[in-house]
Amino acid sequence: MSDEAPRPFDRDRAFPIVQSAFRDMVPFNAALGLEVVDIAPGVVVLKLPWRQELVGNPRTGVLHGGAITALLDACGGASVFLKMQKPIPIATLDLRIDYLKPAAPKRDVFARSECYKLGRSVAFVRAIAYQLPDGEGAGSSEPKDGDWVATAAATFMLSTKGDSVMGRASRGEK
Amino acid sequence: MSDEDDLRPLLARAKTDGEWQPLVDAIPFARYLGLSIKIEDGEAICRMKFDPKLVGNYTIPALHGGTLGALLESAAVFVLFHAREAVALPKIINVTIDYLRSARALDTLATATITKQGRRVTAVQAIAWQDDRSRPVAAANAHFLLVD
């Protein structure tokens with residue numbers, strides 16, 4: 001595995017591996033109900049389905065800001081793995097979120113994250129949380145700014161210790 | 001009709017009786033995260049009880065960064081409820097979270113302080129730790145828009 005030349009991105013091969021590692025091997029991602037919607041090199045699009053347990057304001061049904069934070073952190077981390085040739089462990093270093101407007105209640109929230117720079121020790125990420133009008137599906141291209149709910153910038157440290165869930169999933173291990 | 005209608009009576013009761021848990025429990029995501037509030041020496045300490053569903057990297061195991069972000073934001077909102085006279089639900093503008101140390105499979109505590117209270121914007125700092133307050137696992141700065 002370690003001496004291979006860089007492989008071209010094979011979306012069909014990668015998609016089920018990413019879905020598996022993302023939910024089955026990261027308990028809080030599964031607990032939040034996060035779903036991988038699309039992937040591209042260095043890019044992940046997730047869906048956070050609305051549900052009552054994640055609500056911040058009980059009267060309006062608007063999701064808690066912390067649920068959006070968790071969505072953006074998970075999306076950011078996943079996009080770093082999609083930038084790597086060989087998965088290694090990562091840990092969030094910092095995460096900054098600007099909340100543009102409250103998420104409309106009882107509607108799903110999506111996030112698209114791009115790892116735009118992968119250094120030797122640090123990965124740099126930008127992400128957008130957004131909602132879609134009825135009938136529109138989420139793809140891997142950037143959402144229209146009228147739909148944005150929050151924007152984020154994050155950095156992740158590339159670790160040297162432990163094992164990564166993505167590494168295990170790509171080797172077919174649990 | 002304001003958004004705060006459901007929380008206002010709970011907030012009023014919390015301020016008179018010192019019973020903050022009903023206010024926390026009224027927020028579904030706070031319940032989901034297992035949050036509780038205790039006032040100690042005039043400081044509102046928020047506790048996120050450990051639960052396996054909060055884990056991010058199970059090989060360590062370490063808490064998911066999103067849970068710490070949510071805990072810090074919750075502590076920040078609660079300090080605004082606790083310290084301010086106004087009862088308006090604060091609207092978060094932004095937050096920056098620094099992840100300082102791996103958070104392990106333990107309860108996590110958090111508290112917040114108001115660093116600047118302006119006419120419209122309040123700046124809050126929050127810190128989270130587990131078994132050693134001098135070795136925090138995460139810290140955050142947030143800005144809130146106060147709508148009275």
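Residues numbered from 1 in each chain as written. Chains lettered and ligands numbered in written order. Predicted model: local features only at pLDDT ≥ 70, side-chain atom pairs only at ≥ 80, totals over all residues. Heavy atoms only, no water.

Quick word on the interface of chain A and chain B
Counting residues at the interface gives 37 residues for chain A, matched by 37 residues for chain B. A buried area of about 3,000 Å², summed over both sides, lies between chain A and chain B, and 58% of it is on carbon and sulfur atoms. Ranking the residues of chain A by area buried against chain B places A:Phe28, A:Arg59 and A:Tyr99 at the top, with a combined share of 22%. Linking chain A to chain B there are zero salt bridges. Viewed at the interface, chain B and chain A are joined by 15 residue pairs in polar contact (both at pLDDT 80 or more). Among the secondary structure elements, those contributing two or more residues to the side of chain A that touches chain B are helix 2 (27–32), strand 3 (55–57), helix 3 (65–83), strand 5 (90–99) and helix 4 (165–170) of chain A. Element by element, the count of residues in the side of chain A that touches chain B is highest for strand 5 of chain A, at eight residues. Considering only residue class, the side of chain A that touches chain B consists of 17 nonpolar, ten polar and ten charged. Relative to strand 5 (residues 91–99) of chain B, strand 5 of chain A runs antiparallel, the two sharing five bridges. (Contact = heavy atoms within 4.5 Å. Buried area = accessible area lost by both parts, 1.4 Å probe. Salt bridge = Lys/Arg side-chain N within 4 Å of Asp/Glu carboxyl O. Polar contact = N/O pair within 3.5 Å; in protein donor to acceptor, adjacent residues only side chain to side chain. Helix = DSSP H or I, 4+ residues; strand = E, 2+ residues; numbered from the N terminus. Nonpolar A, V, L, I, M, F, W, Y, C, P; charged D, E, K, R; others polar. Pairing = 2+ DSSP bridges.)

What about the pattern of salt bridges?
A full pass over the atoms with the stated rule returns ten salt bridges over all chains. A salt bridge links A:Asp108 to A:Lys47, with the shortest nitrogen-to-oxygen separation between them at 3.8 Å. Placement of A:Asp108 in the loop between strand 5 and strand 6 (109–118) and of A:Lys47 in strand 2 (residues 43–48) is noted, with a sequence separation of 61 residues between them. Judged by its relative accessible area of 28%, A:Asp108 is partly exposed. Its salt-bridge partner being B:Arg133, residue B:Glu43 comes within 2.8 Å of it at the nearest N-O pair. Remark: B:Arg133 occurs in the loop between strand 7 (121–129) and strand 8 (138–145) and B:Glu43 occurs in strand 2 (residues 43–48); sequence separation between them is 90 residues. Residue classification places B:Glu43 among the partly exposed positions, given a relative accessible area of 23%. Taking the relative accessible area as the measure of exposure, B:Arg133 reaches 42% and is therefore partly exposed. Several salt bridges converge on common partners, so that one network encompasses A:Glu35, A:Lys47 and A:Asp108. (Buried < 20%, exposed > 50% of the residue type's maximum accessible area, 1.4 Å probe, protein only.)

Treat this as a map of the structure, not an account of what it does.
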